[in-house]
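Listed below are the residues making up each chain.
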Amino acid sequence: MNQKLLFGHQIDAYLEEMLQDLEKLIAIPSVCEENSPDGPFGKPCKDALSFILNRARELGLDTENVENYAGHASYGSKEECIDILTHLDVVPAGEGWDSDPFTAVRKGNRLYGRGTADDKGAAIAALYCLKALKDANITGSRRIRAVFGCGEEIGSDDLTVYYAKEGLPIMGFTPDCSYGICYAEKGILHLELSARRSDSSAISRFLAGTAVNAVPGTARAWLCLNPQKRKQLSELTKDLSHITLKDQGELFEICCQGKAAHGAEPELGVNAASTLIRLLYQVLSPEELGPLFTFAAEKIALEYDGASLRIQMSDEPSGPLTLNLGLVSAEGGQETLSLDIRYPVTAHKDRILSSLSQAAEPYDIAITETSHMEPLYIPKDAPMIGLLKDSYEAATGKACTLFSTGGGTYARHCGNRVAAFGPIFQEEPPSNAHGPNEFIDLTYFRMHCRICLEALYRMLVQ
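In what follows, the accompanying structure is described.

Basis of the calculations
Residues numbered from 1 in each chain as written. Predicted model: local features only at pLDDT ≥ 70, side-chain atom pairs only at ≥ 80, totals over all residues. Heavy atoms only, no water. Helix = DSSP H or I, 4+ residues; strand = E, 2+ residues; numbered from the N terminus. Rg over C-alpha atoms; globule rule 2.2 N^0.38 Å. Buried < 20%, exposed > 50% of the residue type's maximum accessible area, 1.4 Å probe, protein only. Contact = heavy atoms within 4.5 Å. Areas by Shrake-Rupley, 256 points an atom, 1.4 Å probe, with all protein chains shown as cover. Pairing = 2+ DSSP bridges. Axes fitted to C-alpha atoms, helices over the stretch in contact; angles between N-to-C directions. 1 Å grid on protein atoms, 1.4 Å probe; cavity = no way out; pocket = protein on both sides within 12 Å on 5 of 7 lines; lining within 4 Å. Points joined across faces, edges and corners; volume = space filled by probe spheres on them. Nonpolar A, V, L, I, M, F, W, Y, C, P; charged D, E, K, R; others polar. Core = buried A, V, L, I, M, F, W, Y, C linked by side-chain atoms within 4.5 Å. Parallel < 35°, antiparallel > 145°, perpendicular 65-115°, else oblique. Lys, Arg positive; Asp, Glu negative; His and termini not counted. Salt bridge = Lys/Arg side-chain N within 4 Å of Asp/Glu carboxyl O. Polar contact = N/O pair within 3.5 Å; in protein donor to acceptor, adjacent residues only side chain to side chain.

**Focus on the overall build of the protein chain**
Next up, step 1: A count of helices and strands for the protein chain gives 11 helices and 26 strands.
Next up, step 2: Its C-alpha atoms give the protein chain a radius of gyration of 25 Å, within 12% of the compact-globule value 23 Å for 462 residues.
Next up, step 3: Counting only C-alpha atoms, the protein chain reaches 80 × 45 × 45 Å along its principal axes.
Next up, step 4: Taking all 462 residues of the protein chain together, 55% fall into the buried category.
Next up, step 5: Residue pairs at least 24 apart in sequence account for 76% of intrachain contacts in the protein chain once pairs closer than 6 positions are excluded.
Next up, step 6: Looking at the protein chain as shown, the accessible area adds up to about 19000 Å², and 47% of this sits on carbon and sulfur atoms.

Following this line, the structure appears as structure tokens:
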């Protein structure tokens, strides 16, 4: 273990100034506004980017604003770039705060405010890492860019636009995840399956899910059933606490309660939509269910590994494929299902689509690809991984773990040249990053700043 901290401790001299700037940045309510006439993500995001770039110029750094999608502060004049990627946009404040979410409040060793942990604290840390390197006149064969995006929370194209103009780095990291090093991120494939409603369908309406990348916690269906079918359904569900029935005259309403979870980890939830569809499959004929729901009952069922669709797969770097039925809608003349598939980093999307098409063909179902993110994979023995690992271990005195994820980070924008690295430590208290009373612990924040500076220093001078 490389325990010698070469330069990272130099950030300590800037901590109070950093917190003052962070407080000002938190005061800008930079929640994305889609379709805004004032910049691609609205005026608050534009203001946040202007603030940090103005501050960078005051600190003596070069800056660039790419059409208010993203911008950077940079140190050095070389062509090859090292990037540290953060974002300035935040999720809506929501309810349940003990203080104004857009006013930074220090209580003991904590700083509260929306964006402190995700990701404005990391953005300010990146800015001052460049300042520390400049003040010490540390030079190397590369240029460092602190890149600030403005559309991360809505999965937008902020960095796509930025990199189309500014070019990709040769290496870097994004402190918008957790420690140690995330070297592999599964491919993310979103699909919509659709079919025309069968004239003999007993499902008048079916609604489940709030987002394709979330396990539905509740599903509801309104059914046209004859007395015999109503009785059969009532008998089947009478001892099931997660099922409730309601007679609405012509329609019979059935509600299923499951357990919500993130679509990247569907095994941690209980999919209410799949559960309800499988239940109806026991009572209704294929004609009464219609082709789409029959397909879901037979080929998706309660599985989250895609086994019945013949897409079950796994690899050593990133683990198994996961499948989540995230959205279900049956209204009017159309029925749709939306799938979130996270596939291993060594697999290929085309194989998955081919298997799905074969499975769907007998049901006369249309499949539309709605979005796709290529996998990210940086081998564990890559030099950059070694640099990050050594920096973490030098700053903390602890071994740095490597891990993979089914989620997606900013690192995916850089063609397997950037890894997710920090800022959250496994042992620190949960920061409530998307909830009320979001905060950073200042002791851990200082440690994160040291790691960032150490990593950038080593990348610069190697």
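Next, the rest of the story.
**Topic: the sheet that holds strand 20 (residues 334–343)**
Next up, step 1: One open sheet accounts for eight strands, arranged 14-15-13-11-19-20-10-21; its pairing is antiparallel. The open sheet terminates on both sides in strands that have one partner only, identified here as strand 14 (243–248) and strand 21 (366–373). Across the sheet, the mean angle from the axis of one strand to that of its neighbour is 20°, orientation sign disregarded.
Next up, step 2: In the sheet, strand 19 (residues 322–331) pairs with strand 20 via nine bridges, with the strands oriented antiparallel. Its bridge partner being in strand 20, Ser 329 is matched across the sheet by Thr 336.
Next up, step 3: Along the sheet face, helix 8 (residues 291–300) touches strand 10 (187–196), strand 11 (203–208), strand 19 and strand 20 and points at about 25° away from the line of strand 20.

**Quick look at the environment of Ser 355**
Next up, step 1: Structurally, Ser 355 can be placed in helix 9 (residues 349–360).
Next up, step 2: By relative accessible area, which is 17% here, Ser 355 ends up buried.
Next up, step 3: Once the C-alpha coordinates of Ser 355 and Leu 309 are considered, the two residues, 46 residues apart in sequence, prove to be 6.8 Å apart.
Next up, step 4: Setting aside residues up to four positions removed in sequence, Ser 355 forms contacts with Leu 309, Arg 310 and Ile 311.

**Comments concerning the layout of surface pockets**
Next up, step 1: By volume, the largest pocket amounts to about 1500 Å³.
Next up, step 2: In this structure, the largest pocket is lined by 46 residues; those nearest its centre are Glu 152, His 262, Gly 407, Gly 408 and Thr 409.
Next up, step 3: The set of elements that each furnish at least two residues to the lining of the largest pocket consists of helix 3 (116–135), strand 10, strand 19, strand 21, strand 23 (402–405) and strand 25 (423–424).
Next up, step 4: Per-class residue counts for the lining of the largest pocket are 17 nonpolar, 19 polar and 10 charged.
Next up, step 5: In this model, the second largest pocket occupies a volume close to 160 Å³.
Next up, step 6: In terms of lining residues, the second largest pocket is bounded by 15 residues, among which Pro 266, Asn 271, Leu 302, Glu 303 and Tyr 304 are the most central.
Next up, step 7: Where the lining of the second largest pocket is concerned, the elements lending two or more residues are helix 6 (272–281) and strand 19.
Next up, step 8: Its residues assigned to classes, the lining of the second largest pocket shows nine nonpolar, five polar and one charged.

**What to know about the sheet that holds strand 4 (residues 105–107)**
The strands making up a sheet are joined through hydrogen bonds of the backbone, oriented either antiparallel or parallel.
Next up, step 1: As summarised here, the arrangement of the three strands in space is 4-5-26, forming an open sheet in which the pairing is antiparallel. The sheet terminates laterally at strand 4 and strand 26 (439–441), the two strands that pair on one side only. The mean angle between the axes of side-by-side strands here comes to 20°, regardless of whether they run parallel or antiparallel.
Next up, step 2: In this structure, strand 5 (residues 110–112) lies alongside strand 26, joined through three bridges in antiparallel fashion. Its bridge partner lying in strand 26, Tyr 112 is registered against Phe 439.
Next up, step 3: Lying on the sheet, helix 3 is in contact with strand 5 and strand 26; it crosses strand 26 at an angle near 60°.

**Describing the nonpolar core**
Soluble globular proteins tend to bury their nonpolar side chains together.
Next up, step 1: Among the nonpolar cores identified, the biggest contains 88 residues, and Met 18, Ile 52 and Phe 148 are the most heavily contacted of them.
Next up, step 2: Among residues more than four places away in sequence, those in contact with Phe 148 are Leu 49, Ile 52, Leu 53, Ala 70, Gly 71, His 72, Ala 73, Thr 86, Leu 88, Ala 123 and Leu 127.
Next up, step 3: One finds Leu 223, Leu 292, Ala 296 and Ala 359 within the second-largest nonpolar core, a separate group that totals 52 residues.

**Describing the packing of helix 1 (residues 15–26) against helix 11 (residues 442–461)**
Next up, step 1: Contact pair helix 1 / helix 11: the axes reach a minimum separation of 12 Å and the direction vectors enclose 110°. Taken together, the axes of helix 1 and helix 11 lie roughly perpendicular to each other. In this structure, helix 1 uses Leu 15, Met 18 and Leu 19 to contact helix 11, whose residues at the interface are Leu 442, Phe 445, Arg 446 and Cys 449.
Next up, step 2: The residue makeup of the contact of helix 1 with helix 11, split by class, is six nonpolar, no polar and one charged.

**What about the side chain of Glu 152?**
Next up, step 1: Its location among the elements puts Glu 152 in the loop between strand 6 (143–149) and helix 4 (158–166).
Next up, step 2: Salt bridges are absent for the buried Glu 152, whose nearest opposite-charge side chain, Arg 412, sits at 9.7 Å.
Next up, step 3: Separated by 3.2 Å, the side chains of Glu 152 and His 87 make a polar contact.
Next up, step 4: What Glu 152 contacts, discounting residues up to four positions off in sequence, is His 87, Asp 89, Asp 158, Asp 176 and Tyr 410.

**Quick look at unusual backbone geometry**
Next up, step 1: Here Tyr 179 and Gly 180 are connected by a cis peptide whose omega angle stands at 0°.
Next up, step 2: Note on placement: Gly 180 falls in the loop between strand 8 (177–178) and strand 9 (181–185).
Next up, step 3: The step from Gly 422 to Pro 423 runs through a cis peptide bond, and the omega angle for that step is 5°.
Next up, step 4: With a phi close to 55°, Asn 137 is a non-glycine residue in the positive phi region.
Next up, step 5: Looking at the secondary structure, you find Asn 137 in the loop between helix 3 and strand 6.
Next up, step 6: Residue Asn 137 is classed as exposed on the basis of its relative accessible area of 57%.
Next up, step 7: In the Ramachandran plot, Asn 416 falls in the positive-phi region, its phi being about 60° despite a non-glycine side chain.

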